[in-house]
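# Residue-level structure breakdown
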Amino acid sequence: MALDPGIASLLSFLEQSGYPPMHEGSVEDARKGYAAMAAASIGPDGPVPVGSVTDTSVADLPARVYRPEVEGPVPTVLFFHGGGFVIGSLDTHDNVCRRLCVDTSSVVVAVDYRMAPEHPFPAAYQDAIAAAEFVAANLDSFGGSTVLGVAGDSAGGNLSAIVAAEVPGVAAQLLIYPAVDMLGSYDSRTSNAEGYFLDMATMTWFFMQYAAGASLDADDVRHSPLRGIRPGLPPAVVVTAEFDPLRDEGLAHAEALAAAGVPVDSVHCPGLIHGFVDMGTFSPAAAEAITDMNRRFGALLR
């Protein structure tokens with residue numbers, strides 16, 4: 001399928017903006033640029049309204065809790081933001097979490113894990129496990145039901161898949177264009193290497209920050225959860241985008257879950273790119289895909 005027209009217009013605008021590629025600047029510049037793009041993605045009506053938003057801490061990590069405007073116990077969803085383990089924050093994914101809260105009628109707990117290069121691997125992994133164990137032990141103070149889900153995009157999808165595999169009690173997982181095989185080789189990393197927002201040069205730059213020069217074991221499930229798929233993992237919704245370097249490893253992850261007997265809903269989004277959860281304002285197709293994946297995950301939580 002051709003690139004979605006709304007996405008194509010956005011990519012053209014970004015190309016003409018004159019900003020250098022993320023991997024050619026400093027980490028601080030990359031974080032500022034990503035934050036500016038996330039702020040620009042908020043529609044004219046402002047952030048998605050929810051029942052309440054509270055800044056707090058989870059396992060000594062900054063966190064933000066979104067509560068829906070519904071009565072009674074609801075599921076709790078632990079959310080990890082994307083950004084290559086280097087950029088991203090509670091603020092960059094604020095509207096994503098608001099939409100997830102509303103669409104799934106769940107309490108969403110977003111956690112700001114430590115990032116590279118200040119805190120390279122395995123810091124993000126350690127924080128994700130600690131946060132999940134804390135939330136699992138305190139569901140009464142969050143959603144109030146016994147249901148715990150995990151969700152995240154890109155690097156956050158990586159952490160969500162790891163948590164789903166390692167922390168008891170997780171009932172469902174939403175993996176949005178996840179990075180699940182750090183040192184793998186996939187055709188989409190070649191065919192979608194340039195021109196679609198996330199490029200391979202930036203992916204390599206992210207990896208260098210995260211690995212901090214260490215020689216990582218390709219089979220280490222602490223960074224590559226695809227290598228540790230087994231029967232009995234929580235049911236999953238796995239979302240992939242056609243023009244995404246991470247497309248094929250996401251598809252491989254879904255296929256491996258299915259082969260292991262894990263219920264999986266593999267949702268492929270034609271015409272879309274990596275990062276589309278922030279692009280609904282610019283693309284009706286992206287907005288529809290966001291609503292659809294949240295609906296599927298909400299059904300899985302219940």
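Right, let's walk through the structure included here. As the structure is a prediction and not an experimental result, all values here were calculated from the model. (Residues numbered from 1 in each chain as written. Predicted model: local features only at pLDDT ≥ 70, side-chain atom pairs only at ≥ 80, totals over all residues. Heavy atoms only, no water.)

The next point concerns the overall build of the chain. From N to C terminus, the chain includes 9 helices and 8 strands. Taken against the 2.2 N^0.38 rule, which gives 19 Å for 302 residues, the C-alpha radius of gyration of the chain at 18 Å falls within 12% of a compact globule. The principal-axis extents of the C-alpha atoms in the chain amount to approximately 50 × 45 × 35 Å. Every one of the 302 residues in the chain was classed for burial, and the buried ones make up 54%. Pairs at least 24 apart in sequence give 77% of the contacts found in the chain among residues at least 6 apart. When the accessible surface of the chain is split by element, carbon and sulfur atoms take 54% of a total near 12,300 Å². (Helix = DSSP H or I, 4+ residues; strand = E, 2+ residues; numbered from the N terminus. Rg over C-alpha atoms; globule rule 2.2 N^0.38 Å. Buried < 20%, exposed > 50% of the residue type's maximum accessible area, 1.4 Å probe, protein only. Contact = heavy atoms within 4.5 Å. Areas by Shrake-Rupley, 256 points an atom, 1.4 Å probe, with all protein chains shown as cover.)

Spatial ordering of the open sheet is given by β1-β2-β4-β3-β5-β6-β7-β8, a layout of 8 strands whose pairing is mixed. At either end of the open sheet lies a strand with only one pairing partner, and these are β1 (52–58) and β8 (264–273). Going across the sheet, the axis of each strand differs from the next one's by a mean of 20 degrees, ignoring polarity. As paired strands, strand β5 (residues 144–153) and strand β6 (residues 170–176) are joined by 6 bridges and run parallel to one another. The partner of G149 across the bridge, within β6, is A172. (Pairing = 2+ DSSP bridges. Axes fitted to C-alpha atoms, helices over the stretch in contact; angles between N-to-C directions.)

Attention shifts here to the packing of aromatic side chains. Following the criterion strictly, the structure yields 6 aromatic pairs and no others. Ring geometry for F121 versus Y210: centroids 5.6 Å apart, planes at 75 degrees, classification edge-to-face. Of this pair, F121 sits in the loop between β4 (107–111) and α4 (123–137) while Y210 sits in helix α7 (residues 200–211), and the two are 89 residues apart along the sequence. Residue F121 is classed as buried on the basis of its relative accessible area, which comes to 13%. A residue is classified by how much of its surface remains accessible, and Y210, at 2% relative accessible area, is buried. These aromatic residues form a ring-pair network of at least three members: F85, F121 and Y210. (Phe/Tyr/Trp six-rings, centres within 6.5 Å; stacked < 30°, edge-to-face > 60°.)

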